[in-house]
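Chain by chain, the residues run as shown.
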Amino acid sequence: MMKKKYNIKSIIGTAALTLFLAGCSDILEEQPRSIYEPGFFRTERGVQGGLTSMYAHLRYIYGQGYYYNATQTGTDEATWGQSADQNFKVMDMSGQGELNSASSRSDVLWGAAFSNINTASGIIENAAAVGGIPESLISEARFFRAFDYFELVQTFGGVPLDLGGGELKFNTKPVRTSVRNTVPEVYTKAIFPDLLKAVNDLPANPRVIGGVSKNVARLYLAKAYLTYAWWLENPNNIPTYPATPRTDPDGKNAQYYFQQAYAVATAAIDNPGPYGLQATYYDVNVATNDRNKETMLYADHTETSQFYNASSLTSSNGAAPENFAGWFMTWNYTELRSGTTPTWTSSVNSVQREAVQALGRPWIRMAPTIGAITNTFADKTNDSRYDGTFTTVYRGNWNKAGVNNAVLYNANGLPVSPGGAILTFLNEEPTTPITYPNGAGRSNIGAGELPGRSDFVISPMGISRIVYPGLWKLGPYRTDNGTGLGQPNAASTRPFYIAKFSEFYFIAAEAAVKGAATQPGKSARDLINVIRARAGKWRWDNNGNMAKVADNSAAMIAATPATIDINYILAERSREYFGEGYRWFDLVRTQKWNELASSYQIAGVAKGDHKAVTVNRTIQPFHYLRPIPLGQLDAMQMTPDEKAKFQNPNYQ
């Protein structure tokens, strides 16, 4: 696959975004526009049009697979897969290429965020000037401006507040020069003021389905306070850029901001509004329950209208604004074969590509590390989150592809029916050694056999870059499959989740671990145990494909350490949000990236390779900031020295 480069001619000229949002009841639907001028934002209709573009811009970041790669590959959760190109290998930091201004896939964020920031400034500046437009609408723009700046400052360090018209001013002319502000300036001039205003003026209930509200703003305010507190503390002496003292302009210290993070997060827990936790972890991520009350912000899509989906409903080549991130950690299960007779005189593909959550379109660009399977999800019995994260059993669906055999013959020559297990990734190493083939074997993917089992098997230590558990939680879902395979080559029409109510508990717990004074019943352990207790509740077993009513909450709570530290918080966050685009930010915020992800284990790229090897990464302090994209540097009319100073140190 060719890498898609962003041709950023300037940081921002006129705001030019096409308005596409999902077509369902109470969802934004607006006429597409190509250019916004100041007068457009002086009417309520114009403000709503600009806001629609802001929700639409989320699709150019979230679900966009290359940005997703930048948030996951190179962490303790994920590495590159067998079909990965340099887009993925470079981000792994394991000697497969150099991370630089041309290769970093964080260019996706840079390319999408600044035009949206300018649109937000246009609304804030012009709508407020004429009066009569509800402040709640203007505060939606304030939220999105802060949201984008928060994502940028975490990724690149200090970024420009002046896009050509003055700091936080709307700009309508292309600009070919730029100056970066410092990290404290971005937080204290842009992020905090906008989010505080949004918390004050946004309604408790969003004006449209999936819209921002008071608690959505609270979530990002709490996250920003937490992240800035870590930045001020700087426990591992990680450099920042532009170079500036790690001091707050208002004289506040890190402890003040940890306390603020705790206060804002617990206020939201106590005043949830329309949000809350789902009864089980399965209910959070199962596609039939999309847009549930725990999901607070998402990049939306729909199968009901190709226009409002902003991408084809039948095929895709993997480009924004499609939601195709779920393909990347999907291996090519369609190569699985089963015999037409017990002696395997012939064989057929027994697991066909299908538009269902457990399957979807395989691209094999990313793979989970063995450590994520064995260590992060060590408890696969009490804790439902492993089962609610991965596809570990691949079931026969050959009948949906027109293969009429009532049964096929699988491992040990035993029969399987449609819906039966063709391949199982075992939860643990078996006491009886697996008999693996030399090469692809009868399964055609190098899977092994255990006595008496009709399913081929692979153990956790046998996971490779070519065959591994798929990421169930991001799998596709359609209601129009009928009795067939549906449209598995289309991008997902599901929403890509960006923010969840559960994160309030993690933010407050992390702040408490960092010394924030706690309320009764809301210590770090109390807060984490709310999440862990929920994780112990089951209503469905993905692995077994059957109902499972179990409550292991007591066992989960009992297993929680008496004293919780940051590493435990990070492990819980990985169990809760594995593969959702959180991990790189979590490791960078806490400065634990090198400690927790400097090596990993996985087997190779050949079928039948089940020998886990240890791979080392080189993660240096300057890597905690991503490079400014080459397209931005090339577009600016500045001297070579000025461009070099605009770039983050040590990057080419």
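Residues numbered from 1 in each chain as written. Predicted model: local features only at pLDDT ≥ 70, side-chain atom pairs only at ≥ 80, totals over all residues. Heavy atoms only, no water.

## A short note on helix H8 (residues 254–270)
Then step 1. Given a rise of 1.5 Å per residue, 17 residues ought to cover 24 Å, and the 24 Å separating the end C-alpha atoms of H8 matches this to within 8%.
Then step 2. Every buried residue of H8 is accounted for by Ala254, Tyr257, Phe258, Ala261, Tyr262, Val264, Ala265, Thr266, Ala268 and Ile269. (Helix = DSSP H or I, 4+ residues; strand = E, 2+ residues; numbered from the N terminus. Expected span 1.5 Å × (residues − 1). Buried < 20%, exposed > 50% of the residue type's maximum accessible area, 1.4 Å probe, protein only.)

## Digging into the pattern of salt bridges
Then step 1. By the definition in use, this model includes 36 salt bridges.
Then step 2. When the shortest N-O distance is used, the salt bridge between Glu576 and Arg534 registers 2.9 Å. Of this pair, Glu576 sits in helix H15 (residues 566–577) while Arg534 sits in helix H13 (residues 524–535), and the two are 42 residues apart along the sequence. With respect to burial, Glu576 and Arg534 carry one shared label: buried.
Then step 3. Bridged by salt links that share partners, the residues Glu294, Asp383, Arg385, Arg532, Arg534, Glu572, Arg575 and Glu576 form one connected network. (Salt bridge = Lys/Arg side-chain N within 4 Å of Asp/Glu carboxyl O.)

## Considering the environment of Glu572
Then step 1. Positionally, Glu572 belongs in helix H15.
Then step 2. C-alpha separation for the pair Glu572 and Ile531, spaced 41 residues apart in sequence, amounts to 8.8 Å.
Then step 3. Once you skip the residues sitting within four places of it in the chain, Glu572 turns out to touch Arg385, Phe506, Ile528 and Arg532. (Contact = heavy atoms within 4.5 Å.)

## What to know about the side chain of Glu140
Then step 1. Positionally, Glu140 belongs in helix H5 (residues 135–156).
Then step 2. Judged by relative accessible area, which is 3%, Glu140 ranks as buried.
Then step 3. Residue contacts for Glu140: discarding those within four places in its chain leaves Leu51, Tyr55, Leu202, Arg207 and Val212.

## Here's the deal with the confidence of the model for the chain
Then step 1. Averaged over the chain, the pLDDT score is 93; the fraction of residues at 70 or greater is 94%.
Then step 2. This model gives residues 1–32 a pLDDT under 50, and the stretch forms 125 contacts once residues within four places in sequence are excluded. (pLDDT = per-residue confidence, 0-100.)

## Remarks on the sheet that holds strand S7 (residues 393–395)
Then step 1. Read across the open sheet, the 3 strands follow the order S7-S10-S11; overall the sheet is mixed. The sheet is open, and its two edges are formed by S7 and strand S11 (456–458), each paired on a single side. Neighbour-to-neighbour, the strand axes of the sheet open up by a mean angle of 10°, direction not taken into account.
Then step 2. Where strand S10 (residues 421–425) and S11 come together, 3 bridges link them in parallel fashion. By the bridge assignment, Leu423 is partnered in S11 with Phe456. (Pairing = 2+ DSSP bridges. Axes fitted to C-alpha atoms, helices over the stretch in contact; angles between N-to-C directions.)

## Side note on the packing of helix H7 (residues 214–233) against H8
Then step 1. Where H7 contacts H8, the axes come no closer than 8 Å and their chain directions differ by 160°. With respect to H8, the axis of H7 lies roughly antiparallel. Crossing hand, H7 versus H8: left-handed. Contacts between H7 and H8 involve Asn215, Arg218, Leu221, Ala222, Tyr225, Leu226, Tyr228, Ala229, Trp230, Leu232 and Glu233 from the first element and Ala254, Tyr257, Phe258, Gln260, Ala261, Val264, Ala265, Ala267 and Ala268 from the second.
Then step 2. Looking at the contact of H7 with H8 residue by residue, the class counts come to 16 nonpolar, 2 polar and 2 charged. (Parallel < 35°, antiparallel > 145°, perpendicular 65-115°, else oblique. Left-handed = near helix turned anticlockwise from the far one by under 90°. Nonpolar A, V, L, I, M, F, W, Y, C, P; charged D, E, K, R; others polar.)

## Some points on the packing of aromatic side chains
Then step 1. The tally for this structure, following the rule as stated, stands at 57 aromatic pairs.
Then step 2. Measuring from centroid to centroid gives 5.1 Å for Phe147 and Tyr220, while their planes differ by 65°, and the two rings are edge-to-face. Placement of Phe147 in helix H5 and of Tyr220 in helix H7 is noted, with a sequence separation of 73 residues between them. Residues Phe147 and Tyr220 agree in their burial class; the two are buried.
Then step 3. Taking the centre distance of 5.8 Å and the plane angle of 70° together, the rings of Phe377 and Phe578 count as edge-to-face. (Phe/Tyr/Trp six-rings, centres within 6.5 Å; stacked < 30°, edge-to-face > 60°.)

## With respect to the environment of Glu322
Then step 1. With respect to the helices and strands, the residue Glu322 is situated in the loop between helix H10 (306–309) and strand S3 (337–339).
Then step 2. Looking at Glu322, the relative accessible area reads 9%, which means it is buried.
Then step 3. The spatial distance from the C-alpha of Glu322 to the C-alpha of Tyr62 is 9.2 Å, given a sequence separation of 260 residues.
Then step 4. Ignoring any residue separated from it by four or fewer positions in sequence, one finds Glu322 in contact with Arg59, Gly63, Gln64, His301, Ser311, Ser315, Ser316, Asn317 and Ala491.
Then step 5. In terms of polar contacts, Glu322 uses its side chain to reach the side chain of Ser316, at 2.5 Å.
Then step 6. A polar atom in the side chain of Glu322 sits 3.3 Å from the backbone nitrogen of Gly318. (Polar contact = N/O pair within 3.5 Å; in protein donor to acceptor, adjacent residues only side chain to side chain.)

## Some details on the packing of helix H12 (residues 503–513) against H15
Then step 1. Between H12 and H15, the least distance of the axes is 10 Å, while the angle of their chain directions is 170°. When the axes of H12 and H15 are compared, the pair comes out roughly antiparallel. Of the residues in H15, those in contact with Glu503, Phe506, Ala509, Glu510 and Val513 of H12 are Ile566, Ile569, Glu572, Arg573, Glu576 and Tyr577.
Then step 2. Per-class residue counts for the contact of H12 with H15 are 6 nonpolar, no polar and 5 charged.

## Structural notes on the pairing of strand S14 (residues 537–541)
Then step 1. Direction of pairing for S14 relative to strand S15 (residues 546–551): antiparallel, over a ladder of 4 bridges. Following the sheet pairing, Trp540 is matched in S15 by Ala547.
Then step 2. Following S14, the chain reverses through 4 residues before pairing antiparallel with S15; Asn545 in that reversal takes a positive phi of roughly 55°.

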